[in-house]
Amino acid sequence: TQDMKAADSTVPRAHREIKLSPSDEIRFWKKVDKNGPTQPHMTAPCWVWTASKAVGYGRFRVGNHLIKAHRIVWVIHHGQIPHDGSYHGLCVCHRCDNPACCNPSHLFLGTSNDNNHDKEVKGRGNHVKGDNHYSRTHPERLARGEANKLSKLTAEKVIKIRSI
């Protein structure tokens, strides 16, 4: 029911500690390139996650769980991420705005609101629309027709369909 869904969304998730074995740590650091780019507003380079990513964030398997790589780095360098009692718990945020970054000096803890505020302050929260949208400002960079990996039709099939 609707009431149960509303109640479920306010109950904090079970807080799970991240437990790494020494072999997990060795395996983890093999997937990090410490010679990444230095963002304009940072003094130290990003340590870039080179393995599996989802929406730009590195993912690392520990047991049966996929955990974001920057959260693993936090645990290695600072200990467990405290839980503040909110639904999602504390975020490990990036000062460098590079989701693939694993440099511990680029990370800080914050609430979801802190993370959203940081995003807005840095101008990453403005969703560009209309004539300033990426598809209008850089149409040459968009894959069209068969070049688009989601394309179902080939040029040959389109010609055949149109001739019917």
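This text goes with the structure placed above it.
Below you will find a few notes about this structure.

Analysis parameters
Residues numbered from 1 in each chain as written. Predicted model: local features only at pLDDT ≥ 70, side-chain atom pairs only at ≥ 80, totals over all residues. Heavy atoms only, no water. Salt bridge = Lys/Arg side-chain N within 4 Å of Asp/Glu carboxyl O. Helix = DSSP H or I, 4+ residues; strand = E, 2+ residues; numbered from the N terminus. Buried < 20%, exposed > 50% of the residue type's maximum accessible area, 1.4 Å probe, protein only. Contact = heavy atoms within 4.5 Å. Core = buried A, V, L, I, M, F, W, Y, C linked by side-chain atoms within 4.5 Å. Pairing = 2+ DSSP bridges. Axes fitted to C-alpha atoms, helices over the stretch in contact; angles between N-to-C directions.

When charged atoms on two side chains of opposite charge get close, those side chains can pair. Per the counting criterion, the structure on display carries four salt bridges. Here Arg27 ties to Asp24 by a salt bridge, and the two come within 3.1 Å at their closest N and O atoms. Linking Arg27 with Asp24, this pair stays in helix α2 (residues 22-29), spanning three residues, or about one helical turn. According to the relative accessible area criterion, Arg27 is partly exposed, its value standing at 33%. Residue Lys122 pairs with Asp118 through a salt bridge whose shortest N-O separation is 3.2 Å. Bridged by salt links that share partners, the residues Asp97, Asp118 and Lys122 form one connected network.

Moving on: the environment of Gly58. Among the secondary structure elements, Gly58 is positioned in strand β4 (residues 57-62). As a C-alpha pair, Gly58 and Pro99 span 41 residues in sequence and 7.5 Å in three-dimensional space. Residues contacting Gly58, with those up to four places away along its chain left out, are Trp49, Ser52, Lys53, Ile67, Lys68, Ala69 and Pro99.

Among the nonpolar cores identified, the biggest contains 18 residues, and Phe28, Val32, Trp49, Phe60, Ile72, Ile81 and Cys102 are the most heavily contacted of them. Where this core is concerned, the elements lending two or more residues are β4 and α3 (69-78). Here this core gets five residues from one element, more than from any other, and that element is α3. Discounting residues that sit within four places of it in the chain, Phe60 has contacts with Leu20, Asp24, Arg27, Phe28, Lys31, Trp49, His65, Leu66, Ile67 and Ile72.

The sheet built from three strands is open, its strands ordered β3-β4-β5 with antiparallel pairing. Whereas interior strands pair on both sides, the edge strands pair on one side only; in this sheet they are β3 (53-54) and β5 (65-68). Pairing between β4 and β5: four bridges, direction antiparallel. The partner of Arg59 across the bridge, within β5, is Lys68. α3 contacts β4 and β5 of the sheet and is inclined by roughly 80° relative to β5.

As for its placement among the helices and strands, Asp118 is situated in helix α4 (residues 112-121). Residue Asp118 is classed as buried on the basis of its relative accessible area of 13%.

By themselves, these are just geometric observations and shouldn't be taken as functional.
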